[in-house]
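# Commentary on secondary and tertiary structure
One-letter residues, chain by chain:
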Amino acid sequence: MVFIAILVGCILGAIIGINAPIISYTYSSYLAIAIIAALDSVFGGIASVINKNFDLKIFISGFFGNAILAILLTILGQKLNVDIYLAAIVVFVWRMFSNLGIIRRYYVEKWSNKFKEFKEKKMNKKEA
(Lines give C-alpha, C1' and ligand atoms only; values in the text may rest on other atoms or scores of the structure.)
Protein backbone atom coordinates (compact mmCIF):
# COMPACT_ATOMS: atom_id res chain seq x y z
CA MET A 1 0.00 0.00 0.00
CA VAL A 2 2.82 2.40 0.86
CA PHE A 3 4.56 1.58 -2.41
CA ILE A 4 1.40 2.45 -4.34
CA ALA A 5 1.24 5.82 -2.57
CA ILE A 6 4.92 6.44 -3.37
CA LEU A 7 4.38 5.48 -7.01
CA VAL A 8 1.31 7.73 -7.34
CA GLY A 9 3.21 10.59 -5.66
CA CYS A 10 6.15 10.18 -8.04
CA ILE A 11 3.87 10.13 -11.10
CA LEU A 12 1.96 13.20 -9.91
CA GLY A 13 5.22 14.98 -9.11
CA ALA A 14 6.59 14.24 -12.56
CA ILE A 15 3.40 15.43 -14.28
CA ILE A 16 3.26 18.61 -12.20
CA GLY A 17 6.99 19.17 -12.65
CA ILE A 18 6.76 18.95 -16.43
CA ASN A 19 3.86 21.39 -16.57
CA ALA A 20 5.05 23.77 -13.82
CA PRO A 21 6.60 27.10 -14.68
CA ILE A 22 10.35 27.44 -14.29
CA ILE A 23 11.46 28.91 -10.96
CA SER A 24 13.45 32.10 -11.44
CA TYR A 25 17.09 32.15 -10.42
CA THR A 26 16.29 34.68 -7.69
CA TYR A 27 14.16 32.19 -5.75
CA SER A 28 15.95 28.96 -6.65
CA SER A 29 18.25 29.05 -3.61
CA TYR A 30 15.25 29.48 -1.29
CA LEU A 31 13.43 26.58 -2.89
CA ALA A 32 16.50 24.35 -2.86
CA ILE A 33 17.19 24.86 0.84
CA ALA A 34 13.50 24.39 1.70
CA ILE A 35 13.43 21.10 -0.23
CA ILE A 36 16.57 19.86 1.52
CA ALA A 37 15.12 20.79 4.92
CA ALA A 38 11.84 19.04 4.06
CA LEU A 39 13.65 15.90 2.87
CA ASP A 40 15.64 15.88 6.10
CA SER A 41 12.38 15.88 8.04
CA VAL A 42 10.91 13.11 5.87
CA PHE A 43 13.95 10.86 6.34
CA GLY A 44 13.91 11.65 10.06
CA GLY A 45 10.24 10.69 10.20
CA ILE A 46 10.89 7.37 8.46
CA ALA A 47 13.79 6.65 10.82
CA SER A 48 11.63 7.46 13.84
CA VAL A 49 8.90 5.10 12.58
CA ILE A 50 11.54 2.38 12.36
CA ASN A 51 12.73 3.19 15.89
CA LYS A 52 9.07 3.17 17.04
CA ASN A 53 9.14 6.69 18.48
CA PHE A 54 7.30 8.66 15.76
CA ASP A 55 5.25 11.65 16.89
CA LEU A 56 3.18 13.48 14.29
CA LYS A 57 3.38 16.82 16.13
CA ILE A 58 7.17 16.67 16.21
CA PHE A 59 7.28 15.66 12.54
CA ILE A 60 5.00 18.49 11.37
CA SER A 61 6.73 21.12 13.52
CA GLY A 62 10.14 19.91 12.33
CA PHE A 63 9.03 19.79 8.70
CA PHE A 64 7.85 23.40 8.62
CA GLY A 65 10.24 24.70 11.28
CA ASN A 66 13.33 23.37 9.50
CA ALA A 67 12.18 24.72 6.13
CA ILE A 68 11.36 28.16 7.54
CA LEU A 69 14.63 28.37 9.49
CA ALA A 70 16.62 27.35 6.43
CA ILE A 71 14.88 29.97 4.29
CA LEU A 72 15.49 32.63 6.96
CA LEU A 73 19.18 31.68 7.07
CA THR A 74 19.31 32.03 3.29
CA ILE A 75 17.68 35.48 3.46
CA LEU A 76 20.02 36.60 6.25
CA GLY A 77 23.02 35.30 4.33
CA GLN A 78 22.02 37.19 1.21
CA LYS A 79 21.51 40.40 3.19
CA LEU A 80 24.96 40.02 4.79
CA ASN A 81 26.50 38.81 1.52
CA VAL A 82 27.66 35.60 3.26
CA ASP A 83 26.68 32.09 2.21
CA ILE A 84 25.17 31.07 5.55
CA TYR A 85 22.80 28.67 3.81
CA LEU A 86 25.77 26.39 3.11
CA ALA A 87 25.96 25.59 6.83
CA ALA A 88 22.29 24.59 6.78
CA ILE A 89 22.86 22.44 3.70
CA VAL A 90 25.79 20.65 5.34
CA VAL A 91 23.79 19.94 8.51
CA PHE A 92 20.62 18.83 6.72
CA VAL A 93 22.48 16.60 4.26
CA TRP A 94 24.53 15.05 7.08
CA ARG A 95 21.33 14.30 8.98
CA MET A 96 19.70 12.89 5.83
CA PHE A 97 22.60 10.49 5.31
CA SER A 98 22.53 9.54 8.98
CA ASN A 99 18.80 8.78 8.83
CA LEU A 100 19.23 6.98 5.52
CA GLY A 101 21.87 4.81 7.21
CA ILE A 102 19.38 3.91 9.95
CA ILE A 103 16.74 3.03 7.35
CA ARG A 104 19.21 1.03 5.28
CA ARG A 105 20.48 -0.97 8.28
CA TYR A 106 16.92 -1.76 9.34
CA TYR A 107 15.94 -3.15 5.94
CA VAL A 108 19.22 -5.01 5.39
CA GLU A 109 18.79 -6.68 8.79
CA LYS A 110 15.13 -7.44 8.06
CA TRP A 111 15.93 -8.99 4.69
CA SER A 112 18.89 -10.92 6.13
CA ASN A 113 16.66 -12.41 8.84
CA LYS A 114 14.05 -13.42 6.27
CA PHE A 115 16.76 -15.02 4.14
CA LYS A 116 18.09 -16.94 7.17
CA GLU A 117 14.57 -18.15 8.04
CA PHE A 118 14.01 -19.25 4.46
CA LYS A 119 17.34 -21.07 4.42
CA GLU A 120 16.57 -22.80 7.76
CA LYS A 121 13.14 -23.90 6.53
CA LYS A 122 14.72 -25.28 3.39
CA MET A 123 17.35 -27.17 5.43
CA ASN A 124 14.66 -28.55 7.79
CA LYS A 125 12.63 -29.87 4.83
CA LYS A 126 15.70 -31.65 3.45
CA GLU A 127 16.40 -33.29 6.82
CA ALA A 128 12.82 -34.51 7.24
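This text follows the structure it describes.
First, a word on what this report is: a plain description of the structure on this page. None of these values were measured; they are calculated from a predicted model.

## Some remarks on the packing of helix 2 (residues 25–50) against helix 3 (residues 56–80)
- Packing of helix 2 against helix 3 brings their axes to within 8 Å, and their N-to-C directions diverge by 150 degrees. With respect to helix 3, the axis of helix 2 lies roughly antiparallel. With respect to the hand of their crossing, helix 2 and helix 3 are arranged in right-handed fashion. The segment helix 2 lies against helix 3, with S29, Y30, I33, A34, A37, A38, D40, S41, V42 and G45 engaging F59, G62, F63, N66, A67, A70, I71, T74, I75 and Q78.
- For the contact of helix 2 with helix 3, the per-class residue count stands at twelve nonpolar, seven polar and one charged.

## Comments concerning the packing of aromatic side chains
- The tally for this structure, following the rule as stated, stands at six aromatic pairs.
- On the numbers, 6.0 Å between centres and 40 degrees between planes, the contact of F59 with F63 is tilted. One end of the pair, F59, and the other, F63, are both in helix 3, four residues apart, so they sit about a helical turn from each other.
- Assessed through its relative accessible area of 25%, F63 is described here as partly exposed.
- Pairwise contacts between aromatic rings join F54, F59, F63 and F64 into one cluster.

## A word on the side chain of N66
- Considering the arrangement of structural elements, one finds N66 in helix 3.
- We classify N66 as buried; its relative accessible area is 16%.
- Leaving out residues up to four positions away in the same chain, N66 has contacts with A37, D40, S41, S61, F92 and R95.

## Some points on the side chain of S29
- Residue placement: S29 occurs in helix 2.
- Within the structure, the side chain of S29 is placed 3.4 Å from the side chain of Q78, a separation counted as a polar contact.
- S29 has contacts with T74 and Q78, leaving out every residue within four places of it along the chain.

## Examining the nonpolar core
- Residues I33, I36, A37, A67, A70, A88, F92 and M96 constitute the largest nonpolar core, which totals eight residues.
- Those elements giving two or more residues to this core turn out to be helix 2, helix 3 and helix 4 (85–127).
- The residues contacting I33, other than those within four sequence positions of it, are A70, I71, T74, Y85, A88 and I89.

## A short note on the environment of G101
- Tracing the chain through its elements places G101 in helix 4.
- Classification of G101 as buried rests on a relative accessible area of 7%.
- Taking the C-alpha atoms as reference, G101 lies 10.0 Å from F43; in sequence the two are 58 residues apart.

Rules of the game
Residues numbered from 1 in each chain as written. Predicted model: local features only at pLDDT ≥ 70, side-chain atom pairs only at ≥ 80, totals over all residues. Heavy atoms only, no water. Axes fitted to C-alpha atoms, helices over the stretch in contact; angles between N-to-C directions. Helix = DSSP H or I, 4+ residues; strand = E, 2+ residues; numbered from the N terminus. Parallel < 35°, antiparallel > 145°, perpendicular 65-115°, else oblique. Left-handed = near helix turned anticlockwise from the far one by under 90°. Contact = heavy atoms within 4.5 Å. Nonpolar A, V, L, I, M, F, W, Y, C, P; charged D, E, K, R; others polar. Phe/Tyr/Trp six-rings, centres within 6.5 Å; stacked < 30°, edge-to-face > 60°. Buried < 20%, exposed > 50% of the residue type's maximum accessible area, 1.4 Å probe, protein only. Polar contact = N/O pair within 3.5 Å; in protein donor to acceptor, adjacent residues only side chain to side chain. Core = buried A, V, L, I, M, F, W, Y, C linked by side-chain atoms within 4.5 Å.

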